[in-house]
Amino acid sequence: MVSSLVQVLIGFSGLMGVLLQYIGPLSITPTIALVGFSLFNVAGNFAGKHWGICCMTIFLIVLFSQYMKNISVPSLVYRRGKGFGMTWFPLFKLFPVILAIVIAWVISAVFTVTDVFPNDPDHWQYGARTDIHKNVLQNAAWFRFPYPGQWGTPTVSAAGVFGMLAGVLASMIESVGDYYACARLSGAPPPPNHAVNRGIGMEGICCFLAGLWGSGNGTTSYSENIGAIGITKVGSRRVVQWGAVIMLIFGILGKFGALFTTIPDPIIGAVFIITFGMVTAVGISNLQFVDMNSSRNLFIIGFSLFCGMVIPDYLKNNEGAIKTGVVELDQIITVLLSTNMFVGGFLGFVLDNTIPGTPKERGLLIWRKLMGEHDPESEEENLKCYDLPFGMGFIRRTFCMQYVPFCPTFERCFRWKSQPETETEMVDVSVISSNGGKTN
């Protein structure tokens, strides 16, 4: 709870937005890519419990999301004043992951009941059974209403605060990468400062509430959901809002929530392989904006990605390697250096801003053009998707709101001053869009 207040301060004070002024494609690429790269072990461990079920699930997801995405199925609908009728519904385009999970889940359940998957923990097919966690379903209450302090009065210690503070800082770095990845997959421009400030601040508030309720974990962006956006092409905030309502309901209906623990691990592993791969690809796709014929850029990307894998892996295999003599400092350094996204993103950020390079070489010209940095009218039009869902009229009429770092009318104190040296360096965003993000 105490550490989350630091995140609230960093977000709503605009400190994170100040750092964004110096973040470009070479900083974002390793941050996002390492979200996926760092989790390959998790995906492999889940999938390896039964590669047959895992491969079947992957096949179904690929079949529905790539080969059958343009196939619609007839469905019955009711329209006011017109009654019932038929319409064509893009089922496979909108629900490829859910359909694949349900089909694989049902098949695993049938094989469990018929003992095709033996009830022997030492058998290689045991990991695909649906009754491995049946005790969770049996012991779950039908109704349970969480409330603040349900596990007792929260306790605070210096070691705990500093340890969680490191986790909060690492989480913020990952979230910034997730915001950019989500924007690219949703077809939106890169998130502006006020949107990132608001997102980080709200994550801090949610972490505070999670600690107050004793949920056992903090609240942050979820990379797997970003991968799901890339597969389903559904990026509507309304869907997220309805999903939040459903999760609140499931949090009260204990039996229904516990039912999902019967999904076999190989199915989860298949989803991880697809979604983590999508997130990684989104991170790498940011390199389209930079000059990859430049040895400078190749060094920054290669060094950042490789160190982002090597250093956390070393600390994982060598616990207690950080010994400064101060326990709290050891915790902070260990958590930060154990986070792939922080290591890679931080190195990319430092190297990109210290090694000499032209804006064109660094990909900043296209990057800023996409955000409308050179045209205030274009910027305002492009970034309307980051407006608040309500109250925008009042915010625009109130002069002082332009100085609030998390308001859509916030006038950033640090604006890019550099202009392209020649007209040939100006890149038409319409060309990028029409070529699927590629420049000519």
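Just so we're clear, the structure is a prediction, and the values are computed from it rather than from any experiment. (Residues numbered from 1 in each chain as written. Predicted model: local features only at pLDDT ≥ 70, side-chain atom pairs only at ≥ 80, totals over all residues. Heavy atoms only, no water.)

1. Here we look at the side chain of His194
Looking at the element boundaries, His194 is found in helix α10 (residues 193-213). When its relative accessible area of 7% is taken as the criterion, His194 is described as buried. Aside from chain neighbours lying at most four places away, what touches His194 is Tyr386, Pro405, Phe406, Cys407, Pro408 and Phe410. (Helix = DSSP H or I, 4+ residues; strand = E, 2+ residues; numbered from the N terminus. Buried < 20%, exposed > 50% of the residue type's maximum accessible area, 1.4 Å probe, protein only. Contact = heavy atoms within 4.5 Å.)

2. Considering the pairing of strand β1 (residues 73-79)
Where a strand is regular, its side chains alternate between the two sheet faces. Relative to strand β2 (residues 83-89), β1 runs antiparallel, the two being bridged by 7 bridges. Directly across from Val73, in β2, lies its bridge partner Phe89. Between β1 and the antiparallel strand that follows it, β2, lie 3 residues; Gly81 among them carries a positive phi value of about 90°. (Pairing = 2+ DSSP bridges.)

3. Some remarks on the packing of aromatic side chains
If you walk through the whole model with that rule in mind, you get 10 aromatic pairs. With centroids separated by 6.1 Å and ring planes inclined at 25°, the aromatic side chains of Phe89 and Phe95 adopt a geometry described as stacked. Residue classification places Phe95 among the partly exposed positions, given a relative accessible area of 33%. In textbook terms, an aromatic cluster arises when at least three aromatic residues are bridged by ring pairs, as seen for Phe46, Phe272 and Phe276. The ring of Phe46 is capped by Lys49, whose NZ or CZ atom sits 5.8 Å from the centre of that ring. Sitting over the ring of Trp142, Lys255 keeps its end group 5.6 Å from the ring centre. (Phe/Tyr/Trp six-rings, centres within 6.5 Å; stacked < 30°, edge-to-face > 60°. Lys NZ or Arg CZ within 6 Å of the ring centre and 35° of its normal.)

4. Considering the packing of helix α3 (residues 25-37) against helix α17 (residues 340-354)
Contact geometry of α3 with α17 gives a least axis separation of 7 Å together with a crossing angle of 170°. By the angle between their directions, the pair α3 and α17 is classed as roughly antiparallel. Pair α3 / α17 crosses with right-handed handedness. From α3, Leu26, Ser27, Pro30, Thr31, Leu34 and Val35 reach across to α17, where they touch Asn340, Met341, Gly344, Gly345, Gly348, Phe349 and Asp352. A breakdown of the residues in the contact of α3 with α17 according to their chemical character gives 6 nonpolar, 6 polar and 1 charged. (Axes fitted to C-alpha atoms, helices over the stretch in contact; angles between N-to-C directions. Parallel < 35°, antiparallel > 145°, perpendicular 65-115°, else oblique. Left-handed = near helix turned anticlockwise from the far one by under 90°. Nonpolar A, V, L, I, M, F, W, Y, C, P; charged D, E, K, R; others polar.)

5. Side note on the nonpolar core
For soluble globular proteins, nonpolar side chains are generally found buried alongside one another. In this structure, Met16, Ile28, Val176, Tyr180 and Val196 are the most contacted members of the largest nonpolar core, which totals 31 residues. Listing elements by their share of this core, those giving two or more residues are α2 (15-20), α3, α9 (158-186), α10, α14 (265-285), α15 (295-317), α17 and α19 (364-370). Ignoring anything within four residues of it in the chain, the contact list for Tyr180 reads Leu20, Ile28, Ile32, Pro190, Pro191 and Trp367. The next biggest cluster of nonpolar side chains, apart from the first, holds 18 residues, and it includes Ile61, Ala100, Ile267 and Ile274. (Core = buried A, V, L, I, M, F, W, Y, C linked by side-chain atoms within 4.5 Å.)

6. A closer look at the packing of α15 against α17
Across the interface, α15 lies against α17 with an axial gap of 8 Å and an inter-helix angle of 155°. By the angle class used here, α15 and α17 are roughly antiparallel. As α15 packs across α17, the resulting crossing turns out to be right-handed. Residues Arg296, Phe299, Ile300, Phe303, Ser304, Cys307, Gly308, Met309, Ile311 and Pro312 of α15 form the contact with α17, whose own contacting residues are Asn340, Val343, Gly344, Leu347, Gly348, Leu351 and Asp352. Along the lines of polarity and charge, the residues of the contact of α15 with α17 split into 10 nonpolar, 5 polar and 2 charged.

7. Brief notes about the environment of Lys255
Among the structural elements, Lys255 can be located in helix α13 (residues 254-259). Each C-alpha atom, one on Lys255 and one on Phe143, is 7.7 Å from the other, the two residues being 112 residues apart in sequence. Not counting the four nearest positions on each side in its chain, Lys255 is found in contact with Leu137, Gln138, Ala140, Ala141 and Trp142.

8. Points about the pattern of salt bridges
With the rule as written, the count across this model stands at 6 salt bridges. Taking the shortest distance from any N to any O, the salt bridge between Asp352 and Arg362 comes out at 3.1 Å. Pair noted here: Asp352 is in helix α17 and Arg362 is in helix α18 (residues 359-362), with a separation of 10 residues, a long-range link. In this pair, the class of Asp352 matches that of Arg362, namely buried. Connected through shared salt-bridge partners, Asp115, Arg129 and Asp131 make up one network. (Salt bridge = Lys/Arg side-chain N within 4 Å of Asp/Glu carboxyl O.)

9. What about the state of the cysteines?
Under the defined criterion, the tally for this structure stands at 0 disulfides. Free cysteine Cys400: the closest other cysteine sulfur is in Cys407, separated by 8.5 Å. We classify Cys400 as partly exposed; its relative accessible area is 46%. (Disulfide = S-S within 2.5 Å.)

10. Details of the confidence of the model for the protein
Do not read the predicted coordinates in detail wherever pLDDT is low. Chain-level statistics for the protein give a pLDDT mean of 81 and a share of 90% at 70 or above. Note on residues 412-440: pLDDT is under 50 here. Beyond four places in sequence and across chains, it has 40 contacts. (pLDDT = per-residue confidence, 0-100.)

11. Considering helix α7 (residues 96-113)
The first and last C-alpha atoms of α7 sit 26 Å apart over 18 residues, in line with the 26 Å expected at 1.5 Å per residue. Where α7 is concerned, the buried positions are Pro96, Val97, Ala100, Ile101, Ala104, Trp105, Ser108 and Thr112. The buried residues of α7 occupy one face: seen down the axis, they fall within an arc of 150°. More than 90 degrees from the buried face of α7, the exposed residues found are Ile98 and Val113. Directly beyond the C-terminal end of α7, a positive phi value near 60° is found at Asp115. (Expected span 1.5 Å × (residues − 1). Arc of directions from axis to C-beta.)

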